[in-house]
Every structure is written in structure tokens, then in C-alpha cells.
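A structural walkthrough
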Amino acid sequence: MKSDIEIAMEAELEPIKDVVKKIDISEDDIDLYGKYKAKISDDLWDKIKDRPDGKLILVTAINPTPAGEGKTTITVGLGQAMNQIGKKAVIALREPSLGPCFGLKGGAAGGGQAQVVPMDELNLHFTGDFHAITSANNLLAAMLDNHIQQGNALNIDPNQIVWKRCVDMNDRVLRNIVVGLGRKVDGVVREDHFIITVASEIMAILCLAENMKDLKERLGRIIVAYNYEGQPVTAKEINAVGAMAALLKDALKPNIIQTLEHTPALVHGGPFANIAHGCNSVRATKTALKLADYTITEAGFGADLGAEKFFDIKCRMAGLKPDAVVLVATVRALKYNGGVAKEDLNKENLEALKKGIVNLEKHMENLAKFGVPCVVTLNQFVSDTQAELDYVKEFCESRGCEFALSQVWEHGGKGGVELAEKLVETIETKESNFKPLYSDDLSLEEKITCVAKEIYGAGQVVFEAAASQAIKRLESLGFGNMPVCMAKNQYSLSDDKSVLGRPKDFTIHIREVYVSAGAGFVVAITGSIMTMPGLPKKPAAEGIDVDDNGVITGLF
């Protein structure tokens, strides 16, 4: 059986200038990055902004497991399937982070016959967006430290610096560091921290900004520190906004590539959903809606994280109204939730399936709370038995949820026709009554509690003293009307990653709360979640190589 990268490397790609013609984009409207990648020019929006929007479809999933779910694979395959049935479709995805690529997760371009390509370039440097974000983030950090070194005119308290440096790599030793060691001219000695680039507020800002004007305004609102009087100090006051915007000028433009079947794919931005808001850029999504009849996008990890933030943060801020949602699961993952060991997942086990399907059930119930019609799809594996497939189908339909099988990994677009047809039927017959989960006027504590209880199923929410104090401070500073961005492990509905299935009446622990004022949301850190991952005992990087001809191997 061929690996994903072998399939991708053998694919015959069309020049991107020809791919974009399918959605009425001329070569003059793109900036080429080689033969198969491009950025969409700023001028295109003015040409298409008055067109009606197409239909917006979100693809989400159950909580991820080592058994695999294939959310990106389904997203790509569904886009290909829409074109198979004569619908004009565009995919809108996030860019992969280098950290997971070299760590545990591997590449993030889909799989099998449902991939976006060039897969190796996408998973590595792509068009340089993440490098630009990293540079802008660290420029702000450097200018902040320099301001303190050069006299500290803003009276910044070095013990209340909240801006962290970043790097797009899993590197645990950078989580907590000391900077400024050495001579007096080497800076002020203080504790500092690194986060992964996808957790940077600048990543979130780039993905939520409508245009350059909005980007600069958001950058200016970033809180980097507090002064000795307890008042926030912003990036605008550090005089860093112009230079940061210059670094981000090209990164702000959406990227466009293609699938294995030459379906256009906008791939732009990449905040993690477990520590950020987990969605591709607003610009890419809104552009896709003007270019196609159906825009298929995804949100990171399970629906408890990615979908909730897509609805409550991205749609709320950007005025988006999704028409349908696809909820992805696999029989294998459901059996894993039912207690089956990974090595035994290929065996039929209806009892474990019945036990583990409660995770899918909870996500179905959660999605219904947003008023958007839902279609459940099983990413089918060859080991799935007919009895197992029938059980899941009956389970979903008995609860009023549409169901379709998907075989896009093996068959590409043809394997997704059943899902595409079911989705079109659902959109045409069921009205979307989208609404966010909570209103803006709730307090921050009420919003956090609402998500924890309504979406996760928690019975109690405990705010540590530091978190409660931070909430009071943020509300006094006028940030109480913002949505909340929950940082939680992705593997469980609870804040304990070892608890699978559908835990009930558990306690969610809120240990830290801070504002991302430029992005426009308040972050709540739960449990032991970290904003800088570490590498596993055997990182994926050990299996990645390049031969004498420049061909890369080992990317999943």
C-alpha cells in the first residue's frame, strides 16, 4: 500500500494558473509562488465582493484518538465529490504547523486519494506565512525589551510582561527561560517564555483580520505588558505596529493550491484549536464564498473545541452563517472510546462500539445547540463490518441526524458522492437557524461556565484564585463583552485527556485567564494544557529524509 506522500509525489498537478480558472480567477489576480502555489492578490476582493455568497459547510469531528478520524481527508474528499456531482466547490483549510509535523501528528494535507498538493511543500515552509508571523511576534518582543532597556518611558513593570516569544516547533525547554543574562547592556534580567507560533495572538489576528487596516488596528491593541499602575501597555504604544504589518503584508493574502483531483483549495492561517481558535482565515473563507456555490471548511480537533470556536468566535466576529455541518467519526475511533486497545480495533466488537458511540452522541447534541443541520459521516476503513456500519447509521438516524458513508481515502471524490448528495439534500430541505451558544452580555465567568457545562458536560467549574483575579481585572478594563477561547486538551470532553467516551458531572479547572485584545477574545486555560508542546519519545522527525534528487520521504 502506498503512503500518502508517495501518492502525492506521483500525482500529476495542473499549473495553479489553470486551476484558478475553474473559479473565474485570472492569472492577473494571483501572485505565483512557483508553478503550483499562489497567493490571491488584494485586488481580487474588490472584483468579487458584491457577488452573492455560496453555501458554507463546516467539517468537524469527534474527539481525536490514536485510531484516527480523518477530518481533513473528509474535507478534501467532500470538495472533490461536490465537483463530481456537478457542484462548484472550493475547500478552505488551515496551514499545517511544523511542530506537529516533526513531532507526533505528522503532516496535515489529508490522506490517500483525498489530499491537497504539493503536500511536501504545504507541510514544510509553504509560502512563508508562519515564518512571517513568527518574525512579527518576536520583533514585538524585541522592541518591548529594548524599550525597557532604553529608559522605560512607559513605566513598564518587568514582572508584568505578558507578551511571549514564539517558534513554530515543539520545544519544551523553551517554555520557561531567563533572558537578559550577562552585562548591563545585554538587557534586563527577567523570566520569559516561548509559545508555539500557532498559539501566537498574531496568528489569531491574521486569521480574523478583514484587511490591512483591520490588521493594523488589531495589532495595535495587543497588550504586551502592564505598567506599575496596573494599566495595560499596547503594541501601538511600543511603536511596533508599522513594522509588524510590513512583515505580515504578504502573509495576509490567502494561499491557493489544489487537490489531487484539481479542486481549488484556499489554505491560509493555522491556529491550533486546543490552545487558540482553530480556524482558517476569515479572508480565505469569505473569498471562497464569493467564488463557489459550496465552501467546505474545517475547524481543528473535535467539535467541542474547533466547532464551538468556529461558531462562537469566527462566525460571531465575521458575520458568517453556516448552512450545514459534517460530523466525522470512524468505527475504529468509536470502539477505542469504548475501551478497545489500538491493536485490536480491526476486530468486530459491537459491544465496544455501543459503549463508545456516546462520544459521537454528545457531539451531535452539541452541534444541535447551534441550530445548524448536521450530517454524520463515517470515514470507512476496510476492517469495518457491515453490522458495525449499520449500527452507527441506525443510531444517527434514530436521533434525527442525517448519515452517509465516506470512502474518499480509497476512492477520492467518487468515494464521497454519497456524502455530497446527502449534504446537498440536507441544505436544500433543512433551514439553518444558526446562533452562537451564548450572548455577548454574559460575564466572562458565565461564558466559560456555559461552554464547560453545555459543550463539555461538566458538572462544576472551579476557577483558581489567579484566574478569578484575572477575570475581575479584565472586566474592569472593559474586556468583559468578548467571547471566550477555551484552551483544553483535545482528547477528552473533560480536561483530563485519559477520560474517554462521554464523561458526566466532572469538574473543569480554570487555572489561567488572559485577554488577546487584538484578536478580540479572552483565553481560559483549563487543566494542564500547554501553549508550547514537546516532542514525543520517538518524534516523526526521525523518519523524515531527503534523497540525492531532492525527494522528501517520511512525511505521512
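A short note on the packing of helix H7 (residues 129-149) against helix H10 (residues 241-248)
At their nearest, the axes of H7 and H10 sit 8 Å apart, and the two run at 170° to each other. Comparing their axes, H10 and H7 come out roughly antiparallel. Crossing geometry of H7 relative to H10 is assigned as right-handed. Taking contact as the criterion, the partners of Ala132, Ile133, Ser135, Ala136, Leu139 and Leu140 in H7 are, on H10, Ala243, Met244, Leu247 and Leu248. In terms of residue class, the contact of H7 with H10 is built from nine nonpolar, one polar and no charged.

Focus on empty space enclosed by the protein
Taken as a whole and judged by the stated rule, the model has one cavity of 30 Å³ or more. Around the largest cavity, the lining residues are Glu95, Pro96, Leu98, Leu122, Leu124, His125, Phe126, Gly128, Asp129, Phe130, His131 and Asp168. The biggest single contributor to the lining of the largest cavity is H7, with three residues. Its residues assigned to classes, the lining of the largest cavity comprises six nonpolar, three polar and three charged.

As for the pairing of strand E15 (residues 264-267)
The two faces of E15 match: Pro264 and Leu266 on one face and Ala265 and Val267 on the other face are all buried. Both strand E4 (residues 89-93) and E15 contribute to a ladder of three bridges, which runs parallel. Opposite isoleucine 91, over in E15, you have alanine 265 as the bridge partner. Strand direction decides the pairing type here: strand E14 (residues 255-259) and E15, joined by four bridges, are antiparallel. The partner of glutamine 258 across the bridge, within E15, is proline 264.

Focus on the pattern of salt bridges
Applying the stated criterion to the full structure yields 37 salt bridges. The salt bridge partner of lysine 253 is aspartate 31, with a shortest N-O separation of 3.2 Å. Of this pair, lysine 253 sits in the loop between H10 and E14 while aspartate 31 sits in strand E1 (residues 30-32), and the two are 222 residues apart along the sequence. Classification of lysine 253 as buried rests on a relative accessible area of 11%. Residue classification places aspartate 31 among the partly exposed positions, given a relative accessible area of 30%. Between aspartate 46 and lysine 49 there is a salt bridge, and its shortest N-O distance comes to 3.8 Å. The network of salt bridges with shared partners includes Asp31, Lys249, Asp250 and Lys253.

Digging into helix H4 (residues 71-84)
Between its terminal C-alpha atoms H4 stretches 20 Å, which fits the 20 Å expected from 14 residues at 1.5 Å a residue. Extensive coverage of H4 is indicated by the burial of 12 of its 14 residues. Among all positions in H4, only Lys71, Thr72, Thr73, Ile74, Thr75, Val76, Gly77, Leu78, Gly79, Gln80, Ala81 and Met82 are buried. Just past H4, the residue glycine 86 takes up positive phi, approximately 85°.

Basis of the calculations
- Residues numbered from 1 in each chain as written.
- Predicted model: local features only at pLDDT ≥ 70, side-chain atom pairs only at ≥ 80, totals over all residues.
- Heavy atoms only, no water.
- Axes fitted to C-alpha atoms, helices over the stretch in contact; angles between N-to-C directions.
- Helix = DSSP H or I, 4+ residues; strand = E, 2+ residues; numbered from the N terminus.
- Parallel < 35°, antiparallel > 145°, perpendicular 65-115°, else oblique.
- Left-handed = near helix turned anticlockwise from the far one by under 90°.
- Contact = heavy atoms within 4.5 Å.
- Nonpolar A, V, L, I, M, F, W, Y, C, P; charged D, E, K, R; others polar.
- 1 Å grid on protein atoms, 1.4 Å probe; cavity = no way out; pocket = protein on both sides within 12 Å on 5 of 7 lines; lining within 4 Å.
- Points joined across faces, edges and corners; volume = space filled by probe spheres on them.
- Buried < 20%, exposed > 50% of the residue type's maximum accessible area, 1.4 Å probe, protein only.
- Pairing = 2+ DSSP bridges.
- Salt bridge = Lys/Arg side-chain N within 4 Å of Asp/Glu carboxyl O.
- Expected span 1.5 Å × (residues − 1).

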